[in-house]
Amino acid sequence: MTNPGTPPAPRVILITGASSGIGAATARLLAGSARLVLVARRREQLAEVVRGVVESGGEAHGIVADLAEVEVPIKVVDQAVERFGTIDALVNNAGLFATAAIGAIASDQLDLMWRLNVRAPLLLTQAALPHLRGRQGGTIVNVSSHAATEAFTGCGAYCASKAALEAWSRVLREELRGTNVRVGIVAPGATDTAAWPATTSAAMRARMCRPDDVAQAIRWVLDAPATASIDRLVVMPPGGAL
Ligand SMILES: NC(=O)c1ccc[n+]([C@@H]2O[C@H](COP(=O)([O-])OP(=O)(O)OC[C@H]3O[C@@H](n4cnc5c(N)ncnc54)[C@H](OP(=O)(O)O)[C@@H]3O)[C@@H](O)[C@H]2O)c1
């Protein structure tokens, strides 16, 4: 039982794809204001992000997991609940950006983007929902892309996967009306992360958003007052799409 004078424990936020880019920036930004469960495959990179959060006075638990495997999302949620007792918010950020013209997409790439960009966030959401529903106000943030609604040549499978992510997010939002769980979409435009090939020029990278810009948007969705649901937030480079 909590003493009347004891401040409530910070929120538990599960962030996928936290070993680099937007996910790592989000973890750093939320360090200190939440208890974080950080998920990715690369053990060392993930451990470094966890270390950074802890060194800045925050609390973080790393889970090394391949979310493209069908049985993994539920195990990740179980481990998070085992560690912190509940989940208040889920940031579905892990994603794969692979390019090929529609006529040349390899079926294994198509399959992997479907499993990681569409199925994994849905399975994580399913597993987390009973916990989110039990909280004062749960939030799901799905990191989509400007590509969900635009036609970028060479990105057909990726565009389709993000459009599918947004489609089920909208349905879920309707299914959860009247509950205390909100569903927000953050749709970034080009952002300077490892998702872009190493050959991407410095001049092109300079025109992109920074990972922290998108992290700020994610935090905004998470921190919106109970009287507001930020349904879809688009974060674009000021110069427009690349
Ligand atoms: N950068 C952009 O221009 C841009 C634009 C729009 C949307 N987005 C979206 O933003 C999100 C984050 O991407 P980013 O740009 O920050 O790229 P990133 O630095 O490559 O981050 C991707 C993250 O996903 C994780 N991940 C990849 N495959 C995984 C798997 N099978 N299981 C678990 N984790 C996995 C990676 O960690 P491990 O490799 O350690 O597993 C990494 O932490 C993605 O959903 C992406 O589609 C990015």
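Because the structure is a prediction, the values reported are computed rather than measured.

How each quantity is defined
Residues numbered from 1 in each chain as written. Predicted model: local features only at pLDDT ≥ 70, side-chain atom pairs only at ≥ 80, totals over all residues. Helix = DSSP H or I, 4+ residues; strand = E, 2+ residues; numbered from the N terminus. Rg over C-alpha atoms; globule rule 2.2 N^0.38 Å. Buried ≥ 20, exposed ≤ 12 C-beta atoms within 10 Å, placed from the backbone. Axes fitted to C-alpha atoms, helices over the stretch in contact; angles between N-to-C directions. Parallel < 35°, antiparallel > 145°, perpendicular 65-115°, else oblique. Left-handed = near helix turned anticlockwise from the far one by under 90°. Contact = placed C-beta atoms within 7 Å. Nonpolar A, V, L, I, M, F, W, Y, C, P; charged D, E, K, R; others polar. Pairing = 2+ DSSP bridges. Near = placed C-beta within 6 Å.

### So, the overall build of the protein
Counting its secondary structure elements, the protein contains seven helices and seven strands. Helices and strands appear in the protein in the N-to-C order β-α-β-α-β-α-β-α-β-α-β-α-α-β. Computed over its C-alpha atoms, the radius of gyration of the protein comes to 17 Å, within 12% of the 18 Å expected for a compact globule of 242 residues. In terms of its C-alpha atoms, the protein occupies a principal-axis envelope of roughly 60 × 40 × 35 Å. Burial statistics for the protein: of 242 residues in total, 40% are counted as buried.

### Some points on the packing of helix H4 (residues 107-133) against helix H5 (residues 156-175)
Interhelical geometry of H4 versus H5 gives an angle of 20° and a closest axis separation of 9 Å. Relative to H5, the element H4 lies roughly parallel. For the pair H4 and H5, the sense of crossing is right-handed. Contact with H4, carried on its side by Gln109, Leu110, Met113, Trp114, Asn117, Val118, Pro121, Leu122 and Thr125, involves Ala157, Tyr158, Ser161, Lys162, Ala164, Leu165, Trp168 and Leu172 of H5 and no other residues of that element. Looking at side-chain class alone, the contact of H4 with H5 contains twelve nonpolar, four polar and one charged residues.

### Observations concerning the sheet that holds strand E4 (residues 89-92)
Judged by pairing direction, the sheet is parallel, and its seven strands sit side by side in the order E3-E2-E1-E4-E5-E6-E7 without closing on themselves. Each of the sheet's edge strands pairs with one partner strand only, and the pair in question is strand E3 (59-64) and strand E7 (232-235). The sheet shows a mean angle of 15° between the axes of neighbouring strands, direction not considered. Pairing of strand E2 (residues 34-40) with E3, which is carried by six bridges, proceeds in the parallel orientation. By the bridge assignment for E3, Val37 is matched with His61. The strands touched by H4 within the sheet are strand E1 (11-16), E4, strand E5 (138-143) and strand E6 (181-188), with E4 carrying the most contacts at an inclination of about 170°. Running over the sheet, H5 touches E5 and E6 and is turned about 155° from E6.

### Section: the site of the ligand
Contacts to the ligand come from 30 residues, most closely from Gly17, Gly21, Arg41, Arg42 and Gly95. Of the residues forming the shell around the ligand, the biggest block, three residues, is contributed by helix H1 (residues 21-30). Looking at the shell around the ligand residue by residue, the class counts come to 15 nonpolar, twelve polar and three charged.

Keep in mind these values describe shape, not function.
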